[in-house]
Amino acid sequence: MTEVAGEVADGLLVHPFTTERYLREVTLPALERGLAASGRSIDGFAISFSGLIATGDSDVALHEAATKVRGQIAFYGSTPAYRGVLALHGWGDLQTTLTSCHDRGSG
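Here goes a summary of the coordinates provided. Everything quoted here is computed from the prediction, not taken from an experiment. Within any chain, residue numbers begin from 1 and follow the written order of that chain's sequence. Only residues with pLDDT of at least 70 are given local features in this predicted model, and only at 80 or more are side-chain atom pairs given and counted; all residues enter the totals for whole chains, interfaces and linings. Side-chain figures throughout are based on the complete set of non-hydrogen atoms in the structure, without hydrogens or water.

## What to know about the layout of surface pockets
Our working rule: Points on a 1 Å grid over protein atoms alone make up a cavity when a 1.4 Å probe fits among them but cannot get out, and a pocket when they form an open set with protein on both sides within 12 Å along at least five of seven lines; lining residues each have an atom within 4 Å of a point. Grid points are joined across faces, edges and corners, and a volume is the space filled by probe spheres set on the points. Numbering of helices and strands runs from the N terminus; a helix is a DSSP stretch of H or I covering at least four residues, while a strand is a stretch of E covering at least two.
Of the voids in this model, the largest pocket is the one considered here, and its volume is about 450 Å³. Around the largest pocket, the lining comprises 18 residues; the ones closest to its centre are Met1, Thr2, His15, Tyr22 and Thr27. Looking at the lining of the largest pocket, the elements that each hand over two or more residues are helix H1 (2–8), strand S1 (11–14) and helix H2 (20–37). It is H2 that provides the largest number of residues to the lining of the largest pocket, a total of five residues.

## A short note on H2
For an α-helix, 3.6 residues make a turn, and residues three or four places apart therefore share a direction. Going by this rule: In this analysis, the expected span of each helix is defined as 1.5 Å times one less than the number of residues it contains. The term bend refers to the angle at a residue between two fitted axes, each drawn through seven residues, those ending there and those starting there. Exposure categories follow from relative accessible area, calculated using a 1.4 Å probe and restricted to protein chains: below 20% of the type maximum is buried, above 50% is exposed, and the middle band is partly exposed. Any pair of residues with heavy atoms lying within 4.5 Å of one another is described as a contacting pair.
Here H2 spans 25 Å end to end across 18 residues, near enough to the 26 Å set by a 1.5 Å rise per residue. Remark: the principal bend of H2, roughly 35°, maps to threonine 27, with a proline, proline 29, within the next four residues. Among all positions of H2, only Tyr22, Thr27, Ala30, Leu31, Gly34 and Leu35 are buried. In this fold, the buried residues of H2 make contact with H1, S1, strand S2 (46–49) and helix H4 (83–88). Residue glycine 39 follows H2 closely and has a positive phi angle near 75°.

## What to know about the pairing of S2
Where we set the bar: Strand pairing is defined by DSSP finding a minimum of two bridges between the two strands. If the strands point away from the viewer and the path from the first strand over the helix to the second runs clockwise, then the crossover is right-handed.
Relative to S2, S1 runs parallel, the two sharing four bridges. Bridge assignment links glycine 11 to a residue of S2, and that residue is alanine 46. Taken together, S1, H2 and S2 constitute a β-α-β crossover, and its handedness is right-handed.

Below you can see the structure in the form of structure tokens.
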């Protein structure tokens, strides 16, 4: 899908379940292949990234927010479509574990 975005779109919204390494080694090369296929360069192509952030006005609120963000990350990690991000870092088996936890309701 990233390659197709490079071919036909004006920009790309990067999913928050990514890492700098995945972006550099997987996403950007795919984007550049798509841009090249359409005879375009990355100049003027918009890339946006919305990170997962935990904030709070007290230690308790920050802890609660961080727990929610960790839960969101675990949910994304349980999704087979995002196994590639984990696998790039040598954590591919974690996706299966997270799926099992999510399926049991403990994720």
